[in-house]
Amino acid sequence: MDALAPGEYKRYAITADGISPRARQGHPNTVFTVTSDEHTETGRIEDEDAANRIAQHEKRMRKIETMKPEMRMPEWYGPKNAPITLMGWGATRHAIREAVDLLNADGVKANALHFIDIYPLDEARLEKELAKAQHLIDIEGNYTAQLAQVVRVYTGRAVDDKILKYNGRPFSGVEIANTVKIRMKHAAPRVAKISHNGHGGNAKKTSKRKVHA
Amino acid sequence: MIDVKVMPEFKLTPKSYEGEREVTWCPGCGDFGILNAVKQSLAQLQIPPYQAYFVSGIGCGSKLPDYVHSNGFLGLHGRSLPMAQGAKLANHDLKVIVTVGDGDAYGIGAGHFVHALRRNSDITMIVEDNKVYALTKGQYSPTSTKGWVASTTPDGAIEIEFNPVVMAIAGGATFVARTFSGDPKHMAATFAKAIQHKGFALVDVLQSCVVYNLVNTVEWYRPRVYKLDDDASYNPRDYNTAMAKAHEWGDRIPIGVLYVEEGRPTYEDQVKALEKGALVKQPLGGYSKATWDEFRASMM
Ligand SMILES: Cc1ncc(C[n+]2csc(CCOP(=O)(O)OP(=O)(O)O)c2C)c(N)n1
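In this text, all values refer to a predicted model and were calculated from it rather than measured experimentally.

Topic: the site of the ligand
Residues and elements named next belong to chain B.
Part 1: Not every one of the 16 residues close to the ligand is listed here, only the nearest: Cys 60, Gly 61, Gly 103, Asp 104 and Leu 135.
Part 2: Here an oxygen atom of the ligand and a backbone polar atom of Ala 134 are 3.0 Å apart.
Part 3: Interatomic distance of 2.9 Å between a backbone N/O atom of Leu 135 and an oxygen atom of the ligand.
Part 4: Contributing elements (two or more residues each) for the shell around the ligand: helix 3 (102-108) and strand 5 (132-133).
Part 5: When residues in the shell around the ligand are grouped by element, the largest group, 4 residues, is from helix 3.

Focus on the pattern of salt bridges
In a structure, side chains of opposite charge can pair up when their charged atoms sit close to one another.
All names here are of chain A.
Part 1: Applying the stated criterion to the full structure yields 28 salt bridges over all chains.
Part 2: Measuring nitrogen to oxygen at the nearest pair gives 2.5 Å for the salt bridge that ties Lys 181 to Asp 106. Remark: Asp 106 occurs in the loop between helix 2 (93-105) and strand 4 (110-115) and Lys 181 occurs in helix 5 (residues 173-186); sequence separation between them is 75 residues.
Part 3: By sharing partners, the salt bridges in this structure join Glu 38, Arg 53 and Arg 60 into a single network.

Things to note about the domain arrangement of chain A
Residues and elements named next belong to chain A.
Part 1: Domain boundaries in chain A define domain 1 (1-70) and domain 2 (75-209).
Part 2: The partner domain 2 presents 5 residues to the 5 residues of domain 1 that form the contact.
Part 3: Summing the contributions of domain 1 and of domain 2, the shared interface buries around 400 Å²; its carbon and sulfur component is 55%.
Part 4: Its largest share of buried area at the contact with domain 2, domain 1 owes to Met 67, Lys 68 and Pro 69, together 82% of the area lost on that side.
Part 5: At the junction of domain 1 and domain 2, the tally comes to 1 salt bridge.
Part 6: As a salt-bridge pair, Lys 68 and Glu 123 come within 3.3 Å of each other at their nearest N and O atoms.
Part 7: In this assembly, domain 1 and domain 2 are joined by 3 residue pairs in polar contact (both at pLDDT 80 or more).
Part 8: Classifying every residue of the side of domain 1 that touches domain 2 by side-chain character gives 3 nonpolar, no polar and 2 charged.

Description of the environment of Glu18(B)
Residues and elements named next belong to chain B.
Part 1: Here Glu 18 is to be found in the segment before helix 1 (30-45).
Part 2: Residue Glu 18 is classed as partly exposed on the basis of its relative accessible area, which comes to 32%.
Part 3: Sequence separation between Glu 18 and Pro 49 is 31 residues; the distance between their C-alpha atoms is 9.8 Å.

A short note on the sheet that holds strand 3 (residues 84-89) of chain A
Residue and element names in this part refer to chain A.
Part 1: Read from one edge to the other, the open sheet built from 5 strands follows the order 2-4-3-5-6, with strand pairing classed as mixed. With one partner strand each, in any of the chains shown, strand 2 (75-77) and strand 6 (161-164) form the two edges of the open sheet. Between one strand axis and the next, the sheet turns through 25° on average, direction left out of account.
Part 2: Pairing of strand 3 with strand 4 involves 6 bridges; the strand directions are parallel. Pairing of Leu 86 across the sheet is with Ala 112, part of strand 4.

Quick word on the packing of helix 2 (residues 80-90) of chain B against helix 4 (residues 110-119) of chain B
Residues and elements named next belong to chain B.
Part 1: Here helix 2 crosses helix 4 at 30°, and the two axes come no closer than 9 Å. With respect to each other, helix 2 and helix 4 are oriented roughly parallel. Where helix 2 approaches helix 4, its residues Leu 81, Pro 82 and Gln 85 are matched on the opposing element by His 112, Phe 113, Ala 116 and Arg 119.
Part 2: Here the contact of helix 2 with helix 4 is composed, by residue class, of 4 nonpolar, 2 polar and 1 charged.

Details of the nonpolar core
Residue and element names in this part refer to chain B.
Part 1: One finds Leu 81, Phe 113, Met 125, Val 176, Phe 200 and Leu 202 to be the most contacted residues of the largest nonpolar core, which totals 33 residues.
Part 2: When residues of this core are assigned to their parent elements, the largest contribution, 4 residues, is made by helix 5 (residues 164-171).
Part 3: The next biggest cluster of nonpolar side chains, apart from the first, holds 30 residues, and it includes Cys 29, Val 38, Ile 47 and Ile 97.

Considerations on a nonpolar patch on the surface
Part 1: A cluster of nonpolar residues, Tyr287(B), Trp292(B), Phe295(B) and Met299(B), forms a patch on the protein surface that exposes about 510 Å² of accessible area.
Part 2: Within the element layout of this structure, Tyr287(B) appears in the loop between strand 10 (253-260) and helix 9 (289-298).

Rules behind the numbers
- Residues numbered from 1 in each chain as written.
- Chains lettered and ligands numbered in written order.
- Predicted model: local features only at pLDDT ≥ 70, side-chain atom pairs only at ≥ 80, totals over all residues.
- Heavy atoms only, no water.
- Near = heavy atom within 4 Å.
- Polar contact = N/O pair within 3.5 Å; in protein donor to acceptor, adjacent residues only side chain to side chain.
- Helix = DSSP H or I, 4+ residues; strand = E, 2+ residues; numbered from the N terminus.
- Salt bridge = Lys/Arg side-chain N within 4 Å of Asp/Glu carboxyl O.
- Domains from an automatic or database assignment.
- Contact = heavy atoms within 4.5 Å.
- Buried area = accessible area lost by both parts, 1.4 Å probe.
- Nonpolar A, V, L, I, M, F, W, Y, C, P; charged D, E, K, R; others polar.
- Buried < 20%, exposed > 50% of the residue type's maximum accessible area, 1.4 Å probe, protein only.
- Pairing = 2+ DSSP bridges.
- Axes fitted to C-alpha atoms, helices over the stretch in contact; angles between N-to-C directions.
- Parallel < 35°, antiparallel > 145°, perpendicular 65-115°, else oblique.
- Core = buried A, V, L, I, M, F, W, Y, C linked by side-chain atoms within 4.5 Å.
- Patch = residues over 30% accessible without salt bridge, like charges linked within 9 Å, V, L, I, M, F, W, Y side chains within 5 Å.
- Areas by Shrake-Rupley, 256 points an atom, 1.4 Å probe, with all protein chains shown as cover.

Pasting the structure below:
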């Protein structure tokens, strides 16, 4: 701001990366308004001019693209290439980690994929991480499997099983480990895929299909 | 945006605060007079545009900061006070002035209003009180008269009207005034007093709305309002006197400074972190990026 001539500063300047340089109000070199209404580059209300609206809205949306590479991918825990992956987010993190340790100690090879940042979701990078999971089990403390839905909407990857808890109490590691064991006992083995031309063939390990319908 | 026109040796006039935007209020709206009076009062006090900070919500009245050459934050409906108090905490060198409608202030913003009263931030709240929700086409507001017929009250408003000045005095405001959009000089003088007051100052402006309030017009108010400022015997420092005056309404409506309490420390006076000066001018706690990253990681 010190370097700017009076009146030069534009709070909502149209930029390539969508980020307009932010100055603090109260500097002698300029005055400006910020507004929740659609605005001009200088922060004045302008909701009648469609061209202005398009320019400002596209600028804001470009900011999302700028953010994507900075988003953190879900973190892996446990052995690589495990046949079972437990997927979760938020406060289930430690219970899921405990479950992974218990399962591996019992000879059931499993790992965990835990989400930290969700939006803006970087689909391309996330697809690569999900491709590493084989039997993907969603662990969530809600009825509708919110994370599994988001993952499916953005990447197309459906989970293979869900363990959902909604009695208002947190998960424990033992509970998750035991449930996984029971589910895996009843889960159909990864079936051979019978193609329409009659040729058999094993489903790829990274198959996105549900294997135990 | 217009270049800063102010130089130290330059005398500020109402023109110094003139915005570059076309004003979109209806011809004849009381808000025009309020806007002019706000500029007059800033000029009277010689406050440079960059040292003022206007905060508003959504509504016709809330558009006022868009028409002033100064800093402003036009936020969400009903949320101007949290913004204003936050701005004052961040930079208490600024003169923070809230300009909102009665719906914004006393309807959706009522919860913020009562706490602002007892908090005593050094800010000025100017309420453009036209007794209706004008921007959204005339629904009844908290200050509408009982029985008020509008689109959402086809059989008349059931609630009794909210009395902002009684509420403000009872709630702990240290400056409570009323003025009238048909009296430019009185408005400018009252705003100047409010801005000068150290502590939370409310000015409720009896504002005409030429489209949606055809009852409480300038012609309706003119014979009813009388100025407390003309009455040397009126003592705004006496709580009970002020309370009694604040209840007066109808054939005679008092305008001017109803209540004032001097000397109560402001909220900002009592925040330790502000002793070293405005927050915005202090360094960021001296923490390195590594410390912040470590702190962030510990929260995960
Ligand atoms: C959260 C929210 N609720 C409702 C609205 C719709 N709304 C916009 S302005 C307004 C009321 C306007 O009345 P007032 O605040 O008295 O201002 P005036 O237009 O009369 O100056 C309402 C209800 C909104 N914008 N945001």
